[in-house]
Amino acid sequence: MFFSLRHLFYLAAVLLGVFLWIFYFQDMPYRSAPRQPISFSHRIHYERQIACIFCHADVAKSAYAGMPPVLKCMGCHREVIPYYPDVAKLHRYWREQKPIPWVRVFWIPQYVHFPHQPHILAGVQCGVCHGDVGHENRVFEVVNFNMGTCITCHRAYGARTDCFQACHH
Amino acid sequence: MPDDPRSPFDELVQIRNAGGAPLDRRDFLKAGGAAAAGGALAGCRTTGHILPLVVPDNRYIPGVPQHYATVCRECPAGCGMHIRVNDARPTKPEGNPRHPLNRGKLCMRGQSAVQGLYNPDRFPQPMRRDQHGRLVVTTWPEALAMLQQQMRQVALAGRQADVVWLGRLETGTLDQLLRDWLAAFGYPAPLYYEAFAYEAVREANRVSFGQDVVPYYRFDRAKMVVGFGAEFLQTWVSNVQFATDWAMGHSYGHTHDPAYFINIGPRVTMTGANADEHWQLRPGTEALLAMALAERVAFHAGQTLHLPAGVPPGLGMSQSAAAERTEIPADVVDTAAQRLARNRPSLLLPVGYGNLNAAALTANLVLNAVNAMLGNIGATILLHHPHALSGAARARDVAAVFERAHGGQVPLLFLHHANPVFNFPAAATVPAALSKIPFIVSFGWWRDETTKYAHLVLPDNYPLESWGDYAPIPGLTGILQPGRRPVFDTRPTPDVLLWLAAQAGPAVQGPILHRIEMPPVAALPADVAPVGSNWQQSPSLPNPTPLTYDPPAAIHSFDAYLRRAWQLRLAPNAPPAEQAAAWRNLLMAGVHLTTEAEPAVATEPPPGRLGPPINETLPTTTLEGPNGDPPPLPLEAEFEGSGDFYLTSFPVVQFFDGRQANRSWMQEIADPLSKLVWDSWVQIHPDTGWRLHAAEGSILRLETPYGHGEWPVHLDSFIRPDTLGIPIGQGHRDFGMFATDVGEAPQRLWTPRLDAAGGPIPMGVKVKVTNTGKTRPMANLQLEHWQRDKRIAQACLISQAGTPAVRDKEPRATFYAFHPTPVHRWGMAVDLSSCIGCNACQAACYAENNVPVMGRSSCLSYREMTWLRIETYAGDAWHPPTTMNPDIRFLPMPCQQCGNAPCEYVCPVFAAYHTDEGLNAQIYNRCIGTRYCSNNCIYKVRRFNWYTPMWPKPLDQQLNPAVTVRSKGVMEKCTFCVQRIEQAELTAKAQDRPLRDGEIQTACMQTCPTEAIVFGDLKDPNSRVSQLHQQDRGYRLFWEENTFPAVTYLKRTKFVLNGLAGQPNPEPPL
């Protein structure tokens, strides 16, 4: 036989994969939350009324929001629950003087220039793009970062919509 | 030589272009590297990690570029540099505006410093020679132990006095440390080898004025400049400073009383292309012409010429007889002499490197006498501010080392970034001498022709990773600081030296540390010694362990040594906190200036500030030869060999003496005059080509008594028919992936003899030429240098420049509505009277905008990717060039950002469109690669990515994160540095203020040494660019096409425009 059953099975599996990718996963409103090296919970910190900008301190100064330096985590956790297993992991990173390899959750392609600074200066709340991080234990992508999302918002607030000078250069 | 010169990079490109198969193992590995680089940039959807800092650094916000003040060490000029660091990666060099030499500008070689830092051919770690003679990797402790053992053996044999340090020119603290270190071990003082050591200039100044110096020149004060081929706008002494000063004194854009510039030589160099007159002198008669000129100047000035002893007292023939010998008409010389007698101060420059022959020293002596007679010494020639190059060894001294090595008398050679094998004449047999030396240790960054002979390589940090200082003139010192931690496992050479001294014990270390008032300290083991400290102040991701230094331990690093030395110098008796503050301020300024240096560098001195000329008080000494006998000082040079042709080997702006050849930008940015890339060539006159049956690309075999070689022909009429011109810098045989096997070096033809000043004689031979009958394609990026009345690069007379007579026609009206530009309309003005064609803007554009390099094969199909090109034209249809007035015009061509752009209407996917600030946008991710826009562009400034661009690792670390990296199938173009516009707009918005004029500097404008390019807002009537747009000289390119470009060119100004035959040629004013 030219096609064995096994070949057919492979073909079907591939087709199913392509189908799922095109019609389901790609348009999924969010992706699953990746496992982080330390199971850091935004919710717990939010409930203790720590502002986003306390840790993501560069957000109004830089294109990047900035991740807190290990020293900043240690500033509290040297004293606060130092023996909790995940905080103990933090202590190990600090002892070894190594950065914590956080897994990236929010991502845009490199042909889009998204600086945080002007958005924060314009008063856009973090949650508009990042979702209700304060109630998430593990962060995941709530808003689909496609061009429609950006444009809708830019139009609604009268922000610049020039393709080239605003984003794609 | 291969008929198709192909560098290893080109082979890589071929593999990529062919789709990658079939591959052998070696190619597979190479292509794998390329694919990895490509894959990283392809923009596939990956997540990856975000690494935070371990310890925050209050000087550093991730994502915000930092600027560190340092010094450009790409040539001995020592310009100040600001290196932009994006998240711990230096990405773009810019001039340091506070440095009084270059005033914020850099040349193209300085722009390429990052390509040296990230050069794929750098040594990744120490190397040693194995029993098969190959260089293999080793570790630092092993390598240092090897060196220690060799030094011990030398000491046991009692041969310390025979050890040689051959390095590049160093000044300041490192020079001091080197001298102390060598003395402490009993070795003789270092020899600083520079290929361009200006021996004939120094010797002439020693004889005439008793000072063995390369003086400083003040071009901005000179009312007239006469150059005997000195390449002062490209490579000569301090070219960025000279270019700026020269523009101040010569360009109509900066002064309405421009200086007159006469260039003399067998060939028009890039510098000569900017001259008002070019005299095609017969090679070897420089001294004769100088004497003829001197006699006429003395006559017209009514003064007496004082020539030093040994120089023939006069021409010994009539002016007309001299004119026959030099082939420069006597009336031309007389007119120039009248001008010189009237326009004071003036500047008569010595003979340039390409024209050095046996008579060059005589010519320099005569020119010195004329300069002294006209009162130029102390006004435009500052002998009391010698350039650092005065400390370079003469070629004679370096040749003596090789002579000794031939006799087996050099037991140990330290090589420190010197490449004499390439720079010396091939007939000097330097390799044979090197192979007689039992142990050579090199501190080289990369493999080159000399490092190839090393037994041990201890790779140095690149200047952008190093601490140091450099004093180009006394009283002016630039401070080097690292922009990042080392890319590879390299260690700063001075750290290695300090470590070796510490290991050798207090007797050796004591005198070295005594200099900085420190006691000797205990030695550290090899694996911990010279690392670490020089990263302490550099931005680093992630941070190393916080380093603390108590001063004694810190003495193992040059960082601490330097800091200590400067703190003692800046604030000797102050408390430590004050000393630290002084050091920090110095680092931020990047330059230390004392009053000693001021007369040499102040930009606009009030007249008379220097006091009376000092030539009367200078002593005159007699000339001494190497043996004490005065050497013959001929008025005419003798040439060796029986050929029919003279040879001029000229330095070019992109390669200096050849050290920048292994950089893809330098290879792919076209030579200013020939526009050739990825090759070397022999420039011949078309008449000569006719005689030799040679066309463009024909391969000629050149032969002298000392060697032979094959070069392809480049036909160019701006050279004497009896002279051949070959560029210096190409023809490397062992110099990395971009330079190896590209072209041929003219050093193969040179005489190994040295002139009376102890310098090389590049123009000392006559060449026999045979046509091999072979040809090869020439990668020439501009085929047409005649304008054929297209009115592209226009010129006008200086006498009319400020009048409506020079106005171009206005564009016709259009009945289409203009694109609305509510807030800004970005525009540019380019002053062609200032543009010298130095290509600095082009290199800056490559660095800023991630412009890819495509290699020779793509350049042969005109598929280079440059966003900004310099077009070179010779006259126009109404004003054809002559040898006397070559009328060469340089025209920088960025995207014209048309108000009515042809590219925009034809894009089917709206990737090319007009923004509301007047830019012609190109959206890369929307582009589908139809190339309609490029076809419709009348300026041909759009570039298509025919292949996936390639940055061999670690060159990809240079990429600017603010600019999208384009990929295959995408059109790209100049955007007026839109990322800089956006950043400036954002900053202004954050500070709640309007944009200031001049706040946005495009990369090309920022680096232009003559400030020919001005960028700004055309909607603001008070902006500088708007006012330049209103000038009478302004014209827009191809106005008749109604494209309404945003770039206005200001016509080049000439004293004389060549008329057509039969028309009167206006005489320039005297």
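The rules behind each value
Residues numbered from 1 in each chain as written. Chains lettered and ligands numbered in written order. Predicted model: local features only at pLDDT ≥ 70, side-chain atom pairs only at ≥ 80, totals over all residues. Heavy atoms only, no water. Helix = DSSP H or I, 4+ residues; strand = E, 2+ residues; numbered from the N terminus. Buried < 20%, exposed > 50% of the residue type's maximum accessible area, 1.4 Å probe, protein only. Contact = heavy atoms within 4.5 Å. Areas by Shrake-Rupley, 256 points an atom, 1.4 Å probe, with all protein chains shown as cover. Core = buried A, V, L, I, M, F, W, Y, C linked by side-chain atoms within 4.5 Å. Pairing = 2+ DSSP bridges. Phe/Tyr/Trp six-rings, centres within 6.5 Å; stacked < 30°, edge-to-face > 60°. pLDDT = per-residue confidence, 0-100. Salt bridge = Lys/Arg side-chain N within 4 Å of Asp/Glu carboxyl O. Buried area = accessible area lost by both parts, 1.4 Å probe. Polar contact = N/O pair within 3.5 Å; in protein donor to acceptor, adjacent residues only side chain to side chain. Nonpolar A, V, L, I, M, F, W, Y, C, P; charged D, E, K, R; others polar.

1. Section: the overall build of chain A
Assigned secondary structure in chain A consists of nine helices and one strand. Looking at chain A residue by residue over its 169 residues, the buried ones come to 28%. Contacts in chain A between residues far apart in sequence, at least 24 positions, make up 64% of those at least 6 positions apart. As displayed, chain A offers around 11200 Å² of accessible surface, 66% of which is attributable to carbon and sulfur atoms.

2. Let's talk about the overall build of chain B
Each helix and strand counted, chain B has 30 helices and 38 strands in total. Looking at the 1070 residues of chain B, the share that counts as buried comes to 65%. Within chain B, counting contacts between residues at least 6 apart in sequence, those at least 24 apart form 76% of the total. As presented, chain B carries roughly 36400 Å² of accessible surface, and 54% of it is formed by carbon and sulfur atoms.

3. Considerations on the nonpolar core
Core analysis: the biggest nonpolar cluster contains 314 residues, and Leu166, Trp181, Trp279, Phe414, Leu458 and Leu702 of chain B have the highest contact counts within it. Other than its neighbours up to four places away in sequence, Phe414 of chain B contacts Leu147, Met151, Val163, Val164, Trp165, Leu166, Trp181, Tyr187, Val441 and Phe443 of chain B.

4. A word on the sheet that holds strand β37 (residues 1047–1050) of chain B
Strand pairing in a sheet relies on backbone hydrogen bonds. The paired strands run either parallel or antiparallel. All names here are of chain B. With mixed pairing, four strands are arranged side by side in an open sheet as β35-β28-β37-β36. Here the strands that pair on one side only, and so sit at the sheet edges, are β35 (1013–1017) and β36 (1034–1035). With four bridges connecting them, strand β28 (residues 826–831) and β37 associate as parallel partners. If you follow Ala829 over to β37, its bridge partner there is Thr1048.

5. Side note on the packing of aromatic side chains
We describe a pair of aromatic rings using the distance from one ring centre to the other and the angle between the two ring planes. Residues and elements named next belong to chain B. If you walk through the whole model with that rule in mind, you get 45 aromatic pairs over all chains. For the ring pair Tyr216 and Phe242, a centre distance of 6.3 Å and an interplane angle of 70° mean the geometry is edge-to-face. Residue Tyr216 is found in strand β9 (residues 216–217), and its partner Phe242 is found in helix α8 (residues 239–250); the two are separated by 26 residues along the sequence. Phe242 matches Tyr216 in its accessibility class, with the two residues each being buried.

6. Focus on the confidence of the model for chain B
All names here are of chain B. The pLDDT averaged across chain B works out to 87; a share of 89% of its residues lies at or above 70. Per-residue pLDDT stays below 50 along residues 528–553; that stretch engages in 61 contacts with residues further than four places along the chain or on separate chains. Here residues 602–621 is a poorly scored stretch, pLDDT under 50, and it has 35 contacts once near neighbours within four places are set aside; other chains count.

7. Description of the pattern of salt bridges
For the structure on display, the rule yields 56 salt bridges over all chains. Where Glu465 of chain B meets Arg122 of chain B, a salt bridge forms, and the shortest distance between an N and an O atom there is 3.1 Å. Here Arg122 of chain B lies in the loop between α4 (113–117) and β5 (127–129) and Glu465 of chain B lies in the loop between β17 (456–457) and β18 (468–473), a separation of 343 residues in the sequence. The residue Arg394 of chain B makes a salt bridge to Glu203 of chain B at a minimum N-O spacing of 2.6 Å. Taken as a pair, Arg394 of chain B in the loop between β14 (381–382) and α13 (395–406) and Glu203 of chain B in helix α7 (residues 199–209) lie far apart in primary sequence, 191 residues in all. Residue Arg394 of chain B shares its accessibility class with Glu203 of chain B, and that shared class is buried. One salt-bridge network, held together by shared partners, links Arg160 of chain A together with Asp916, Glu917, Glu982 and Glu985 of chain B.

8. Looking at the interface of chain A and chain B
At the interface, 35 residues of chain A touch 48 residues of chain B. Here chain A and chain B share an interface that buries about 3600 Å² over both sides, 61% of which is from carbon and sulfur atoms. It is Trp107, Phe164 and Gln165 of chain A in chain A that bury the most area against chain B; as a group they hold 19% of the surface buried on that side. Where chain A meets chain B, there are four salt bridges. Arg160 of chain A is the salt-bridge partner of Asp916 of chain B, the closest N and O atoms lying 3.1 Å from each other. On the surface where chain A and chain B come into contact, there are 24 residue pairs in polar contact (both at pLDDT 80 or more). Those elements that place two or more of their residues in the side of chain A that touches chain B are α4 (70–77), β1 (102–103), α6 (116–121) and α9 (163–167) of chain A. Looking at the side of chain A that touches chain B, its residues break down into 19 nonpolar, eight polar and eight charged.

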